[in-house]
Amino acid sequence: MTQRPIIPFEEIGEETLGQMMKIFYSKVATNPILKPIFPDDLTETTRKQTQFQIQYLGGPNVYSEEHGHPMLKARHMPFKITPERAQAWLECMSEAMDEVGLEGKIREVYYKRLVLTAHHMINAPDNDEEVFE
Ligand code: HEM
């Protein structure tokens with residue numbers, strides 16, 4: 001008998017994921033170290049990030065169908081992603097997970113993966129104000 005693989009996107013569900021992304025960006029919008037690098041209107045950012053997370057979690061490739069290959073590190077290059085910002089980003093995500101009640105193994109695995117991706121995005125040291133400006 002063959003078992004269907006567990007698809008995190010299906011376990012979490014599109015509605016919860018969408019809710020989580022809205023909560024996440026409401027936190028980014030008020031975070032003093034993240035806010036300066038994000039646009040004031042986060043509607044489009046939220047939409048793109050939700051599309052990305054759907055495919056990151058094994059759902060349909062809705063991000064790539066509209067925007068092409070994610071090339072995440074390259075797309076983050078215009079912004080100064082310091083270790084401090086990566087930490088703040090992950091904290092906003094962790095709080096958003098709490099608020100939608102995501103828990104257990106799925107949360108643990110998802111969060112660990114986000115930690116790796118967030119660390120991969122780092123492209124500037126802390127307190128490096130002149131780079132890219
Ligand atoms: C490490 C801390 C991070 C910071 C500070 C950060 C910051 C940003 C900023 C400033 C944008 C541009 C927003 C806009 O102009 O609309 C962006 C876009 C994006 N980020 Fe991040 N990001 C981080 C980590 C991540 C991670 C870990 C992921 C994926 C797991 C991710 C996925 C995306 C995606 C999909 C976009 C949209 C790209 C596009 O324009 O199509 N980011 N991020």
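See the structure printed just above.
These figures come from a predicted structure and were not determined experimentally.

Enquirer: So what exactly am I meant to see when it comes to the site of the ligand here?
Expert: If you check the shell around the ligand, you find 21 residues, and the closest are Thr-45, Lys-48, Tyr-63, His-76 and Trp-89. Tyr-63 places a polar side-chain atom, nitrogen or oxygen, 2.5 Å from an oxygen atom of the ligand. For the ligand, a nitrogen atom lies 3.4 Å from a polar atom in the side chain of Trp-89. Elements with a minimum of two residues in the shell around the ligand: helix 3 (43-56), helix 5 (72-76), helix 6 (83-99) and helix 7 (104-121).

Enquirer: When you look at the coordination of the iron atom of the ligand in this model, what are you seeing that I'm missing?
Expert: Four donors placed tetrahedrally around a metal ideally meet at 109.5 degrees, and six donors placed octahedrally ideally meet at 90 or 180 degrees. In this structure, the iron atom of the ligand receives exactly one donor atom from the protein: His-76 (NE2), at 2.0 Å. Checked against the element boundaries, His-76 lands in helix 5.

Enquirer: What is the right way to look at the packing of helix 6 against helix 7 in this model?
Expert: The axes of two packed helices give the description: the angle between them and the distance between them. Contact geometry of helix 6 with helix 7 gives a least axis separation of 10 Å together with a crossing angle of 160 degrees. When the interaxial angle is binned, helix 6 and helix 7 end up roughly antiparallel. As helix 6 packs across helix 7, the resulting crossing turns out to be right-handed. Residues Ala-86, Trp-89, Leu-90, Met-93, Ser-94, Met-97 and Asp-98 of helix 6 form the contact with helix 7, whose participating residues are Arg-107, Tyr-110, Tyr-111, Leu-114, Val-115, Ala-118 and His-119. The residue inventory of the contact of helix 6 with helix 7, partitioned by class, reads ten nonpolar, two polar and two charged.

Definitions and cut-offs
- Residues numbered from 1 in each chain as written.
- Predicted model: local features only at pLDDT ≥ 70, side-chain atom pairs only at ≥ 80, totals over all residues.
- Heavy atoms only, no water.
- Near = heavy atom within 4 Å.
- Polar contact = N/O pair within 3.5 Å; in protein donor to acceptor, adjacent residues only side chain to side chain.
- Helix = DSSP H or I, 4+ residues; strand = E, 2+ residues; numbered from the N terminus.
- Donors = N, O, S within 2.8 Å, 3.2 Å for Na, K, Ca; no water.
- Axes fitted to C-alpha atoms, helices over the stretch in contact; angles between N-to-C directions.
- Parallel < 35°, antiparallel > 145°, perpendicular 65-115°, else oblique.
- Left-handed = near helix turned anticlockwise from the far one by under 90°.
- Contact = heavy atoms within 4.5 Å.
- Nonpolar A, V, L, I, M, F, W, Y, C, P; charged D, E, K, R; others polar.

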